Amino acid sequence: MTRPLTRRQFLKISAATFGAAAAASELRPIAQAVAADAPAAKGVTATPTFCEMCFWRCGGIAYVRDGRLWKFEGNPLDPQSRGRLCPRGTGAVGSYYDPDRLRKPLIRKGERGKEQWQTASWDEALGFIAERMNKIKEQYGPESVAMFNHGIGVRFIQHVLKSWGAINFAGPSFAQCRGPRDVGFALTFGTGLGSPEPTDIANTDCLVLIGSHLGENMHNSQVQEFAQAVERRIPIIVVDPRFSVAASKAKYWLPIRPGTDLALILAWCNVLVNEGRYDKAFVDKYGKGFDKFVQEIRQYTPQWAEAETDIKAETIRATALEMANARPAVIVHPGRRVNWYGDDSQRSRAVALLNALLGNWGRKGGLFSQAGIKVAGYPLSPYPQSGKPPADNPNRERYPFADEAVTTGIRDATLTGKPYPIKGWFVYSSNIVQALPNQAETLKAIDALDLLVVIDTVPSEIAGYADVVLPEVTFLERYDELLAGWGRRGWIALRQPVMPAPHDQKPGWWIAKQLAAKLGIPESMPFDDIEQYLRARIEKSGYDWDKLKREGIIMGPKQPTTVEEGLELSFETPSGKVEFYSEQLKARGFDPVPKYKRHSTAPDGYFRLITGRAPVHTFSRTQSNPLLGDAMRENEIWVNGATAKKLGLANGQYVRLKNQDGVVSNRVRVKATQRIRPDTVYMVYGFGHTNPMRKSAYLKGASAAQLTTRYETDPLMGGTSIHSNFVTFVKEA
Ligand code: SF4
């Protein structure tokens, strides 16, 4: 009999990665958790594929032993994993055996949200969807069907919807995550940063993390380089109201008052300029508007910033000089999920300007220039032209610097019917009830829909409100679109099936092809199966398909990515320079140099709620995964030890949280600790599931999203803040 991967083995593998979390109970025999009908072939097979447990897309090798999925390890050829996976990647085995997986298509039979379903065949479910789509098209036009999505698996379904005439597609990865950062950097350097961020941590001599908790957020290759940086004993500066894992490795921990990060960044700029410690040669050669920038930042002295940030002026100066001593091999990390307070693209622009003062753009040990790889396309028909603008941000009038669609803009259009009605939503692998702020607004928008289709592997909260739920196979059971990655070298990665689907789940490309046929546009998917499509693209690009299948990775040619390697710097801003003073911001009525403005403060008896990630979970996707769920079943609310004592809260005690608008959370355990400021509380987001179909995660911990009723919207690009809410404690009787 095949033995399942044990928890001990799992943690042993995970421990190879810096910051792996260990936790409580014994692992259940997961291979028995589903009635998988996989043929029990004898022996071990190894198949390279790439991980979808998060967006980092590390290459791995999946091993099947005697017909059972055995383990998933890093692919040594892959630049993202470098032969090692993070705990979630290793735990991907558990996603295959997740007992809560969706198994068959479901069609709602009762009131929306009441979770009454009938199972359906794929033919029935897709026929139902096509009929509703065509009704919406007849009455409102195809633009009135929108999509929310996350991940590479959506490509073919998105392609079919575009071929049918849909134009509104948005992912929370922009407005609820990295969007403000990319806009802030694009306004300064002419280009956003993309994913993975081009941080040369391997060669840096000083690393600054502002709210970024590497080691708890497991961006694999970055965390590996961070671990090496710790070993090299370089100065690390961590700015965080919480003593994070990263802070515990740092030379300086700056426990900043939440909401005042911009004051600190501007004060750092002030020190570098006032003391002549910036990179004058870089600024003279590439900068534009530097004198006006200097005039603006003169007011932001360290003494002024001390009162705002609660960080001593001498510490602000000392840390600025640490950065200056290391330049250009210094990184002020741009962060990733940076939508905190609603002025985030301006704060990110200030981070970009600080990096510019340090002259690290395109430098070894700084922010390198990403290399890509070209992959030939497949001949497909062009999409129909629409006479309507995108619904979220018509003609960029609402958010002039948003270069991707804004999720809440589509939600607003659904609520208001303006600029035109949105009557259908497809939601692919994105739990937008948890991802978007203010759940009440999302649920109200859903009420206005004639069709809600959810495509996922597990039943998320949004699935509970769907008209049709389509069960997709996990990434370990499917081909997807090719990954053409950007990094120190470009690379192509192949996702390919390792195991058969255990039930009636299907891959995205198959769903797309069947839906295209039902919609009367089969020509939009002009290939028999996806292998034919992928092989054609690879061979047309001059690469070897069989080798890619065998090795999982094709590396692109070496190109210069730093000045040290011969890179010539150029900037795609309107001036062709690094814009210290932005005329395009000024022209649209925004501050041409970031200005500090205070954010609202907590009412008496309330604490600012900030949120973050755990090393064993991704968003709200992994809590029912048997391996990862056993490693962390529920979240905790971190509260300062002295505050807890004053409030009579004991460590481990269950409480509920009530926010400033009276919304009360599910119960959550108190973690009383000196590792957080007294005015702040912290929790990992993604917990507190309310869909009863998610049995093992149902009502485990509290949902940060539920408490995010209040949010600020970034006027430049539509990002929505997540750290604008305050909570107090409600004791359990
Ligand atoms: S960082 Fe971890 S979860 Fe994300 S892709 Fe890599 S191994 Fe998978």
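Residues numbered from 1 in each chain as written. Predicted model: local features only at pLDDT ≥ 70, side-chain atom pairs only at ≥ 80, totals over all residues. Heavy atoms only, no water.

Chemist: Would you mind showing me how to read the sheet that holds strand S9 (residues 236–239) here?
Modeler: Reading across from one edge, S10-S9-S8-S12 is the order of the four strands in this open sheet, with parallel pairing throughout. Single-partner strands in this sheet number two, and they are strand S10 (252–254) and strand S12 (330–332). Taking the axes of each pair of neighbouring strands and ignoring which way they run, one obtains an average angle of 10 degrees across the sheet. Bridging between strand S8 (residues 206–210) and S12 involves three bridges; their strand directions are parallel. Within S12, the position partnered with Cys206 by the bridge is Val330. (Pairing = 2+ DSSP bridges. Helix = DSSP H or I, 4+ residues; strand = E, 2+ residues; numbered from the N terminus. Axes fitted to C-alpha atoms, helices over the stretch in contact; angles between N-to-C directions.)

Chemist: What is the right way to look at unusual backbone geometry in this model?
Modeler: Peptide bonds are mostly trans, and most non-glycine residues show a negative phi. In this structure, Pro196 follows Ser195 across a cis peptide bond, with omega equal to 0 degrees. When you line up the elements, Pro196 lands in the loop between helix H6 (172–189) and S8. The linkage connecting Lys418 with the following residue, Pro419, adopts the cis geometry, with an omega of 5 degrees. For Pro419, the location among the structural elements is in the loop between helix H15 (407–416) and strand S13 (424–428). Located in the positive-phi region is Arg396, a residue other than glycine, with phi close to 55 degrees. If you trace the backbone, Arg396 turns up in the loop between helix H14 (344–357) and H15. Assessed through its relative accessible area of 38%, Arg396 is described here as partly exposed. Phi is positive for Asn438, which is not a glycine, with a value near 60 degrees. Mapped onto the secondary structure, Asn438 falls in the loop between helix H16 (432–435) and helix H17 (439–447). (Buried < 20%, exposed > 50% of the residue type's maximum accessible area, 1.4 Å probe, protein only.)

Chemist: Where do I start with the domain arrangement of the protein chain in this structure?
Modeler: Frequently, the measure chosen for interface size is the accessible area removed from exposure when the parts meet. Domain annotation for the protein chain reports domain 1 (106–172 + 377–475 + 504–541), domain 2 (196–365 + 562–587) and domain 3 (607–731). The centre of domain 1, based on its C-alpha atoms, is set 38 Å off from the matching centre of domain 2. (Domains from an automatic or database assignment.)

Chemist: What's the story with the packing of aromatic side chains in this structure? I'm lost.
Modeler: Aromatic ring pairs are reported here in terms of the distance separating the ring centres and the angle at which the planes meet. Under the defined criterion, the tally for this structure stands at 28 aromatic pairs. Each ring, one from Trp304 and one from Tyr596, has its centre 5.3 Å from the other, and the planes form 80 degrees; the classification is edge-to-face. Here the residue Trp304 occupies a position in helix H12 (residues 302–309), and Tyr596 occupies one in the loop between helix H21 (583–587) and strand S20 (607–612), the gap between them amounting to 292 residues. Among the residues examined, Trp304 registers a relative accessible area of 26% and is labelled partly exposed. Classification of Tyr596 by relative accessible area gives buried; the value is 13%. Seen in terms of ring centroids, Trp340 and Tyr341 are 6.3 Å apart; in terms of plane orientation they differ by 80 degrees. Their pairing is edge-to-face. The class for Tyr341 is buried, based on a relative accessible area of 6%. Cluster of aromatic residues (ring-pair linked, three or more members): Phe185, Phe189, Phe282, Tyr286, Trp361 and Phe571. The ring of Trp70 has Lys71 sitting right over it, with the charged end atom 4.3 Å from the ring centre. (Phe/Tyr/Trp six-rings, centres within 6.5 Å; stacked < 30°, edge-to-face > 60°. Lys NZ or Arg CZ within 6 Å of the ring centre and 35° of its normal.)

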